[in-house]
Each structure stands twice: as structure tokens, then as C-alpha cells.
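What follows is each chain in one-letter form.
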Amino acid sequence: RPVRSPSPAPVNLVVDIDEGPGFPIGTITVDGNQVLSDEEIASGFRHLDRRRLWTRPQPFRLSILREDRNELTERYRGLGYAGARVTVDFNPAAIDFQQRTVQLRVDILERKRVEVRFEGNEALDDGDLRDVITIFSRGSYVNVETRASEEAIAHLYRSKGHLFVKVSSRSDGSAPDVHRIAFVI
């Protein structure tokens, strides 16, 4: 018959990891941009290290890279490019050990600029209506998103007491660089 020994005592294990010095971002290659310059885009990915009183570049971190990509996407949306896509390619093989830097590639797909206007709107401010449409927040101006924006506008109107409001939209994407959407209230 097996004899059970008392449970083992807990062990505290401390692992000390020396990460070494972090490499800052070096060369940034930008492709597909027309609205913003290469330098405007690249500057959004370079940061100075506050721990060194902003005198040296901040070491590369993937989490910051994702935040910078999202901020650039939002910047494009703020300029009217609702469908813009920003892809940042970080490949660990692109680390330049001689220069001690990380190389990045930023690909931009700007798509068409979206112009939105509101017809028949007399009760609310156009800015309030822009705040509720989902086209720019979700990054799409396809029919599904246009309908969701119609519903959001109707909901805002109803919340202000206009219970019988009807909202429809017209979309014109025939121009090469601009997609026009009119919300009819």
C-alpha cells in the first residue's frame, strides 16, 4: 500500500531577465499615401523617451506601434477617409543589429474621401448628426453602415421629441476620388 507524503512546501522562484537595451525605430518606409506626406506619417511612429528627459528615441514596443497605427487610422478618418486602412509590418527579421534600430514598413490604403451632408435637417445641428453616424467610427461606408447611420440619426431625432422622423440616404460613388452620401431627413 502506497504511503502518501505530506504535501510539498511551496517554493518561491525568482527569475531575473535582462532585456538589454531597446532598439529605437530606424527607417520607416511608407507606401500608398497621397493625402499625408511620408514624414507626417513617420513622425507619428517616432517618440522620444520621457525616462531620458526626451533626449533619446524611445525603444520600440509593439503595443505603442499598435496605438500609433490606430491613431493614424483615426487621423485619416478625421480627414474624411472613412475606409482608410493602415497596415504596419513589423518583422523581427527587419531588426538592424549593426545600426541597433528596428525597421518598419507602413502601407496605406486611403480609398475614397467620403463627403457627408444632411438634407432637410432643420431641428438639429449638423455637427450633432455627424457625431452619431457610424461611417467614420467603424471605418466603412457600405450599405450596411449607411443604414446603421440612418438608424442612429433617427434615434437622435426621436430622443429630441421628433417621433415620426424618417431618414433615408443617397449614395454616389461615381467620382474617382470622392464618395458622396446624403442623409435625407
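Residues numbered from 1 in each chain as written. Predicted model: local features only at pLDDT ≥ 70, side-chain atom pairs only at ≥ 80, totals over all residues. Heavy atoms only, no water.

Q: Explain the nonpolar core here, please?
A: One broad trend across soluble globular proteins is that nonpolar side chains are buried collectively. In terms of nonpolar packing, the biggest core is built from 20 residues, with Ile41, Phe45, Leu72, Tyr76 and Val106 touching the most fellow members. Mapped by element, the contributors of at least two residues to this core are β1 (25-31), α1 (38-43), α2 (62-78), β2 (85-89) and β4 (101-109). Counting residues per element, this core draws most heavily on β4, which supplies four residues. Ignoring anything within four residues of it in the chain, the contact list for Ile41 reads Val30, Asn33, Leu36, Leu72, Tyr76, Val106 and Ile108. By size, the runner-up hydrophobic cluster in this structure holds 18 residues, among which are Leu124, Ala154, Leu156 and Val167. (Core = buried A, V, L, I, M, F, W, Y, C linked by side-chain atoms within 4.5 Å. Buried < 20%, exposed > 50% of the residue type's maximum accessible area, 1.4 Å probe, protein only. Helix = DSSP H or I, 4+ residues; strand = E, 2+ residues; numbered from the N terminus. Contact = heavy atoms within 4.5 Å.)

Q: How should the side chain of Glu145 be read in this particular structure?
A: By secondary structure assignment, the location of Glu145 is in helix α5 (residues 143-159). Under the relative-accessibility criterion, Glu145 is labelled buried at 9%.

Q: What exactly am I supposed to notice about the packing of aromatic side chains here?
A: How two aromatic rings sit relative to each other is given by the distance of their centres and the angle of their planes. For the coordinates displayed, the defined rule picks out four aromatic pairs. Note on Tyr76 and Tyr81: the rings are 6.1 Å apart at their centroids and 90 degrees apart in plane angle, and the pair reads as edge-to-face. Residue class for Tyr76 comes out buried when judged on its relative accessible area of 0%. (Phe/Tyr/Trp six-rings, centres within 6.5 Å; stacked < 30°, edge-to-face > 60°.)

Q: Is there a simple way to think about the layout of surface pockets in this case?
A: The rolling of a water-molecule-sized probe over the atoms marks out the regions of remaining empty space. Considered as a void within the structure, the largest pocket measures approximately 310 Å³ in volume. Residue lining of the largest pocket: 14 residues in total, with Pro21, Gly22, Phe23, Pro59 and Phe60 positioned closest to the centre. (1 Å grid on protein atoms, 1.4 Å probe; cavity = no way out; pocket = protein on both sides within 12 Å on 5 of 7 lines; lining within 4 Å. Points joined across faces, edges and corners; volume = space filled by probe spheres on them.)

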